[in-house]
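Read off the chains here:
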Amino acid sequence: MKDVKEIITAARSISRLTATEMIHAICDGFVEFHGDRKFGDDPAIVGGIALLDDMPVTVIGTQKGHDVTENVYRNFGSPHPEGYRKAIRLMKQAEKFNRPIVTFINTSGAFCDVDSEDRGIGEAIAESLLVMSQLTVPFIAIFIGEGGSGGALALAMGNEVWMLENTMYSVLSPEGFASILWKDSSRSDEAAKVMKLTPDDLFSLDVIDKIVMETRRKVARKSDDVMLELKRELSAKLKELKQLTPAELVEQRQKRFRNY
């Protein structure tokens, strides 16, 4: 089992594949959609339609960058309200056209500046949770980096939730946890162990359903091999979920999260 500090470092690395890179790796014909039809577009969330093994799907992801310029443009993967409202629009569109949904999550949390509060960040996250809980199409959420707070959960209420091996999912950052609980952010390593934020911890707690391995015998796998496995597993699971009726999909998803 990997050390929690090692996992956090890997999850936050700017060299990790981004949401758009993963979408292009496992899907064909990706067409990106923009805007929430209320305020504007948010580059921190990308989304659109694509083909996964010739299956039409809606894909949505929080987008980070590989350098400072791109990260500033993407707001370091921290969405504003219009980003979540764009995702909600795409989810409702997917439901209308009976397309499965796949989300790719890599965010430290929603952006909480004055403008976000003025435009209703809390309401946008709440609406996203409500919409996800009632979707009548298959929905798989995948953590591909950081997964922090309600900003991550707002895209993660799937019929199944998966994590790549070197990712994290928690109610807030270890630094924030340590600052609140012990008034000392330097104790973040200690906080990380208490928080149970690694894929192994969360799998044992039944918070997630699958871990996609990024190493084999402690050696890093090629990203192409990881993406090929992810594509194969996603395609198989979505085809399995499509056998359920709309009512069964909603019931399964709601029961899954009530078990928390």
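Residues numbered from 1 in each chain as written. Predicted model: local features only at pLDDT ≥ 70, side-chain atom pairs only at ≥ 80, totals over all residues. Heavy atoms only, no water.

Looking at an unreviewed UniProt entry, one finds the chain named acetyl-CoA carboxytransferase, with Trichococcus shcherbakoviae subsp. psychrophilus as its source organism. Note on the chain: under the UniProt heading Pathway (unreviewed entry), the record states "Lipid metabolism; malonyl-CoA biosynthesis; malonyl-CoA from acetyl-CoA: step 1/1." For the chain, the Catalytic activity (unreviewed entry) comment in UniProt is given as "N(6)-carboxybiotinyl-L-lysyl-[protein] + acetyl-CoA = N(6)-biotinyl-L-lysyl-[protein] + malonyl-CoA". (UniProt positions renumbered as here; feature names shortened; annotations may be inferred.)

Student: Describe the packing of aromatic side chains, with residues and values.
Tutor: Summed over all chains, the structure comprises two aromatic pairs. Each ring, one from Phe177 and one from Trp182, has its centre 5.9 Å from the other, and the planes form 75°; the classification is edge-to-face. For Phe177, a relative accessible area of 19% translates into the label buried. Geometry around Phe39 places Arg119 over its ring, the cationic atom sitting 4.2 Å from the centre. Positioned above the aromatic ring of Trp162 is the side chain of Lys210, whose terminal nitrogen or guanidinium carbon lies 5.4 Å from the ring centre. (Phe/Tyr/Trp six-rings, centres within 6.5 Å; stacked < 30°, edge-to-face > 60°. Buried < 20%, exposed > 50% of the residue type's maximum accessible area, 1.4 Å probe, protein only. Lys NZ or Arg CZ within 6 Å of the ring centre and 35° of its normal.)

Student: Go over the sheet that holds strand β3 (residues 55–62) with me, naming the residues and quoting the values.
Tutor: The strand order across the open sheet formed by seven strands is β1-β2-β3-β4-β5-β6-β7, and the pairing between neighbours is mixed. For this open sheet the edge positions go to β1 (28–32) and β7 (210–212), each flanked by a neighbour on one side alone. Pairs of neighbouring strands in the sheet enclose a mean axial angle of 25°, with direction left out of account. Direction of pairing for strand β5 (residues 139–147) relative to strand β6 (residues 160–164): parallel, over a ladder of four bridges. Pairing of Phe143 across the sheet is with Met163, part of β6. Strands in contact with helix α4 (residues 81–96) are β2 (45–52), β3 and β4 (101–107); relative to β2, the strand with the most contacts, it is inclined by about 25°. (Pairing = 2+ DSSP bridges. Helix = DSSP H or I, 4+ residues; strand = E, 2+ residues; numbered from the N terminus. Axes fitted to C-alpha atoms, helices over the stretch in contact; angles between N-to-C directions. Contact = heavy atoms within 4.5 Å.)

Student: Let's hear about the pairing of β6: which residues, and what values?
Tutor: For β6, a buried count of five out of five residues is recorded, marking the element as mostly surrounded by other parts of the structure. Burial along β6 is two-sided: Glu160, Trp162 and Leu164 and Val161 and Met163, pointing in opposite directions, are all buried. By the bridge criterion, three bridges tie β6 to β7 in an arrangement that is parallel. Within the sheet, the bridge partner assigned to Met163 lies in β7 and is Ile211.

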